[in-house]
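# Coordinates in review
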Amino acid sequence: MAETKKVGESRITMTELVLPHHTNQLGNLLGGQLMHWIDICAALSAAKNSQRVCVTASVDRIDFLHPIKLGNAVTLIASVNRVFNSSMEVGVKVFAESLIEGKKVHSNTAFLTFVSVDENGNPVKAIEAVPETDDEKRRYEEALQRREKRLQNRIRTT
């Protein structure tokens, strides 16, 4: 297995169509449905980087910036922001697009932590993700700040 990979190699793009069974009474995408899609997209990105099964350890936050309507195409783009040991932070950007109107908006952002595991479900060291672009380097640095906050919050709640 490789010791390092480029962040770009972890990129996953998923597109879903918002159907009636995905919506609430207002015709907007259910938050839980979007969270499901985000988790799947992020897990695929983590697995692509680590070449192992990766399990969700935490979801930092999901920002809901704009409602997503029935009939919209939802594109999720995930990539590993930073690898720590067995854990890694994955960022997901969500875009909603009305194909009829030709309008696309950034509707959501999410940060999740995954753990790379072996066939017995035990944590194993993940493959380092090396940032190349300025944006990847910024996300790499910000991931460390978010991790430090996560660890501080964990200490406060125990």
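Throughout what follows, the structure given in this document is the object of discussion. (Residues numbered from 1 in each chain as written. Predicted model: local features only at pLDDT ≥ 70, side-chain atom pairs only at ≥ 80, totals over all residues. Heavy atoms only, no water.)

## Let's talk about unusual backbone geometry
- A positive phi is found at Gln51, a non-glycine position, where the angle reads about 60°.
- Positionally, Gln51 belongs in the loop between helix 1 (31-50) and strand 3 (53-64). (Helix = DSSP H or I, 4+ residues; strand = E, 2+ residues; numbered from the N terminus.)

## Here we look at the nonpolar core
- Ranked by internal contacts, the top residues of the largest apolar core, which has 29 residues, are Leu34, Ile38, Val74, Leu76, Met88, Val90 and Val92.
- Top element by residues in this core is helix 1. It accounts for six residues.
- Apart from residues lying up to four places away in sequence, Leu76 is in contact with Ile12, Thr13, Met14, Glu16, Leu34, Trp37, Ile38, Cys41, Val92, Lys93 and Val94. (Core = buried A, V, L, I, M, F, W, Y, C linked by side-chain atoms within 4.5 Å. Buried < 20%, exposed > 50% of the residue type's maximum accessible area, 1.4 Å probe, protein only. Contact = heavy atoms within 4.5 Å.)

## A few points about the sheet that holds strand 4 (residues 73-83)
- If you walk across this open sheet you meet the five strands as 2-4-5-6-3, and the pairing is antiparallel. At either end of the open sheet lies a strand with only one pairing partner, and these are strand 2 (12-17) and strand 3. Within the sheet, the average angular offset between the axes of one strand and its neighbour, ignoring direction, is 25°.
- Across six bridges, strand 2 lies against strand 4 in antiparallel orientation. Its bridge partner being in strand 4, Glu16 is matched across the sheet by Val74. (Pairing = 2+ DSSP bridges. Axes fitted to C-alpha atoms, helices over the stretch in contact; angles between N-to-C directions.)

## Some remarks on the pairing of strand 6 (residues 103-117)
- Burial analysis of strand 6 places eleven of its 15 residues in the buried class, which makes it a mostly covered element.
- Sheet topology note: the strand 3/strand 6 ladder contains ten bridges and is antiparallel. Bridged to Val59 within strand 6 is Leu112.
- Taken together, the twelve bridges between strand 5 (residues 87-98) and strand 6 define a ladder with antiparallel strand orientation. Bridging across to strand 6, Val90 finds its partner in Leu112.
- Linking strand 5 to strand 6, which pair antiparallel, is a turn of four residues; within it Gly102 sits at a positive phi near 70°.

## Focus: helix 1
- With 20 residues, helix 1 should cover 28 Å at 1.5 Å per step; its first-to-last C-alpha distance of 28 Å lies within 8% of that length.
- Where helix 1 is concerned, the buried positions are Gln33, Leu34, Trp37, Ile38, Cys41, Ala42, Ser45, Ala46, Asn49 and Ser50.
- A positive phi of about 60° marks Gln51, the residue just after helix 1. (Expected span 1.5 Å × (residues − 1).)

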